[in-house]
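Below, each chain spelled out in residue letters.
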Amino acid sequence: MDRKQRGFTLIEVLIVMVILGLLAALVGPRMFGKVGQSKQNAAQAQISLIGTALDTYRLDIGRYPASDQGLEALRVQPHDVTKWDGPYLPKDVPLDPWGNPYQYRSPGEYGDYDLFSLGADGALGGEKEDADIVSW
């Protein structure tokens, strides 16, 4: 049989597999480490956009939605509000990147309103990926 027509040897295939494994071991953790940071960045961007909708609501109504009305007041007119000119968000209020609802209270402890995500752990406080993402 002609040597040019033969396939790869088992050794050649194993060497390629080892090289690919090493590359995956070196690059993989760095790429997956960025996922947590990108979720935090997405939560901060969503909080900023929801904050803009809250400010627009306040310009129309004269106050922010009360805590019991919640963020849903940006999509559906509350029964006790007459000057409502919404909806103030084009779609339903999103969940945070970890699948939990954003926390909202007005009046807030840190400003006119507090809008925040509890982070990856879903609990107050935390560090790194578990840190809360806040509007203040």
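Preceding this section is the structure that the text describes.
**Focus: unusual backbone geometry**
Inference 1: The omega torsion of the bond from Gly86 to Pro87 falls at 5°, within 30 degrees of zero and hence cis.
Inference 2: Summarising the element assignment, Pro87 is placed in the loop between α1 (10-61) and β1 (103-105).
Inference 3: The omega torsion across Ser106 and Pro107 is 0°, close enough to zero to call that bond cis.
Inference 4: Its place among the elements puts Pro107 in the loop between β1 and β2 (114-117).

**A few points about the sheet that holds β2**
Inference 1: Across the sheet, which stays open at both edges, the 3 strands sit in the order β1-β2-β3 with antiparallel pairing between neighbours. Looking at strand neighbours, the two that pair on one side only are β1 and β3 (133-134), the edges of this open sheet.
Inference 2: As paired elements, β2 and β3 share 2 bridges and run antiparallel to each other. Bridging across to β3, Ser117 finds its partner in Ile133.

**Describing the pairing of β2**
Inference 1: The side-chain alternation of β2 yields two buried faces, one formed by Asp114 and Phe116 and the other by Leu115 and Ser117.
Inference 2: In this structure, β1 lies alongside β2, joined through 3 bridges in antiparallel fashion. Its bridge partner being in β2, Tyr104 is matched across the sheet by Leu115.

**Examining the environment of Ala24**
Inference 1: Summarising the element assignment, Ala24 is placed in helix α1.
Inference 2: Note on Ala24: relative accessible area 47%, which makes it partly exposed.

Criteria and thresholds
Residues numbered from 1 in each chain as written. Predicted model: local features only at pLDDT ≥ 70, side-chain atom pairs only at ≥ 80, totals over all residues. Heavy atoms only, no water. Helix = DSSP H or I, 4+ residues; strand = E, 2+ residues; numbered from the N terminus. Pairing = 2+ DSSP bridges. Buried < 20%, exposed > 50% of the residue type's maximum accessible area, 1.4 Å probe, protein only.

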